[in-house]
Amino acid sequence: MAFGDSPDTILTLLNNYWSAVRDTFTEEWADKKEYILLQAIGLGGFAKFGGQLLERAIQEDTVDRDAFMHYLAPVKKKISLARSDWTAIAGAGGQAHVATKLYAACDALEVKASKLKAQLGIEKETLANQLETEE
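The residue numbering used here restarts from 1 in each chain and proceeds along that chain's sequence as written. Given that the model is predicted, a residue must reach a pLDDT of at least 70 before its local features are reported, and side-chain atom pairs must reach 80 or more before they are shown or counted; all residues, however, enter totals for whole chains, interfaces and linings. Side-chain numbers here rest on the full set of heavy atoms in the structure, without hydrogens or water.

## Description of the overall build of the protein chain
Item 1. Scanning the protein chain from terminus to terminus reveals 7 helices and 0 strands.
Item 2. What counts as a helix is a DSSP run of H or I of at least four residues, what counts as a strand is a run of E of at least two, and both are numbered from the N terminus. The secondary structure elements of the protein chain, listed N-terminal to C-terminal, are α-α-α-α-α-α-α.
Item 3. In this scheme, a residue with accessible area under 20% of its type's maximum is buried, one over 50% is exposed, and one in between is partly exposed, where area comes from a 1.4 Å probe on protein chains only. Burial analysis of the protein chain (135 residues in total) assigns 40% to the buried set.
Item 4. Here, two residues are considered to be in contact whenever any of their heavy atoms come within 4.5 Å of each other. Taking as baseline every contact in the protein chain between residues at least 6 positions apart, the subset at least 24 positions apart corresponds to 72%.

## A few points about the nonpolar core
Item 1. Counting 29 residues, the largest nonpolar core has Phe46 and Phe49 as its most contacted members.
Item 2. Here phenylalanine 46 is in contact with Tyr17, Trp18, Val21, Phe25, Leu37, Leu72, Leu81 and Leu102, once residues within four sequence places are set aside. Buried Ala, Val, Leu, Ile, Met, Phe, Trp, Tyr and Cys residues that are joined via side-chain atoms within 4.5 Å together make up what is termed a nonpolar core.

## Overview of the packing of helix 1 (residues 7-24) against helix 3 (residues 40-59)
Item 1. Helix 3 packs onto helix 1 with a crossing angle of 120 degrees between their chain directions and a minimal axis gap of 10 Å. Relative to helix 3, the element helix 1 is oriented oblique. Of the two elements, helix 1 crosses helix 3, and the hand of that crossing is right-handed. Of helix 3, the residues touching helix 1 (which contributes Leu13, Leu14, Tyr17, Trp18 and Val21) are Leu43, Phe46, Ala47, Phe49, Gly50, Leu53, Leu54 and Ile58. Note on geometry: axes are lines fitted to C-alpha atoms, helical ones only across the stretch in contact, with angles between N-to-C directions running from 0 to 180 degrees. By the definition adopted for this analysis, an angle is roughly parallel if under 35 degrees, roughly antiparallel if over 145, roughly perpendicular if from 65 to 115, and oblique otherwise. Left-handed describes a crossing whose near helix is turned anticlockwise from the far helix by less than a right angle; the clockwise case is right-handed.

## Describing the packing of helix 3 against helix 4 (residues 65-78)
Angle between the axes and distance between the axes: these two values describe a pair of packed helices.
Item 1. Between helix 3 and helix 4, whose axes approach to 11 Å, the crossing angle comes to 130 degrees. Judged on the interaxial angle alone, helix 4 and helix 3 are oblique. Here helix 3 runs over helix 4; the crossing is right-handed. For the pair helix 3 and helix 4, the contacting residues are Phe46, Phe49, Leu53, Leu54, Arg56 and Ala57 in the first and Phe68, Tyr71, Leu72 and Val75 in the second.
Item 2. The residue makeup of the contact of helix 3 with helix 4, split by class, is 9 nonpolar, no polar and 1 charged. Following the grouping adopted for this structure description, the nonpolar residues are Ala, Val, Leu, Ile, Met, Phe, Trp, Tyr, Cys and Pro, the charged ones are Asp, Glu, Lys and Arg, and the polar ones are all others, Gly among them.

## A closer look at the packing of aromatic side chains
Item 1. Here a pair means two rings of Phe, Tyr or Trp (six-membered ring of Trp) with centres within 6.5 Å. Their orientation is stacked below 30 degrees between planes, edge-to-face above 60, and tilted elsewhere. Per the stated rule, a full pass over the model turns up 6 aromatic pairs.
Item 2. Plain terms: the ring middles of phenylalanine 49 and tyrosine 103 are 6.2 Å apart, the flat faces sit at 70 degrees to each other, and that makes the pair edge-to-face. A residue pair is termed long-range when its members are at least 10 positions apart, and phenylalanine 49 in helix 3 and tyrosine 103 in helix 5 (residues 91-105) qualify at 54 residues.
Item 3. Look at phenylalanine 49 and you get buried, because its relative accessible area is 0%.
Item 4. Arranged with centres 6.2 Å apart and planes meeting at 45 degrees, the rings of phenylalanine 68 and tyrosine 71 form a pair that is tilted. Of this pair, phenylalanine 68 and tyrosine 71 both sit in helix 4, 3 residues apart, which is roughly one turn of the helix.
Item 5. Relative accessible area serves as the criterion here: at 0%, phenylalanine 68 is assigned to the buried category.
Item 6. In this structure an aromatic cluster arises from ring pairing among Tyr17, Trp18, Phe68 and Tyr71.

Printed below as a string of structure tokens:
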């Protein structure tokens with residue numbers, strides 16, 4: 001899919017992804033000192049991971065914010081973004097390492113199960129609220 005002639009489409013896709021990141025990782029988004037999300041390795045890692053997710057989401061025709069939250073739900077469960085869990089990780093290599101870990105945690109079956117539950121109305125609360133209560 002080519003978006004070269006439609007920068008607004010690219011902007012919307014990116015906004016949907018980063019809004020989902022913010023809404024999934026609320027505490028991590030709010031505290032850049034204790035969490036890597038808004039530090040260089042986190043931003044770079046989530047950007048690289050986001051590129052892979054955008055490709056996957058476009059192929060599956062699910063590119064809204066809620067769809068990205070389904071992709072991020074298993075990551076939230078499996079990966080700690082606490083700075084203390086990422087010691088001696090820095091630079092471009094650190095960003096690539098974070099991205100690899102994020103993508104490995106984004107289990108396709110868990111994403112599909114989350115989407116199906118939402119479609120069937122099994123999930124009464126929003127995904128963001130569920131993520132907060134699971135912590």
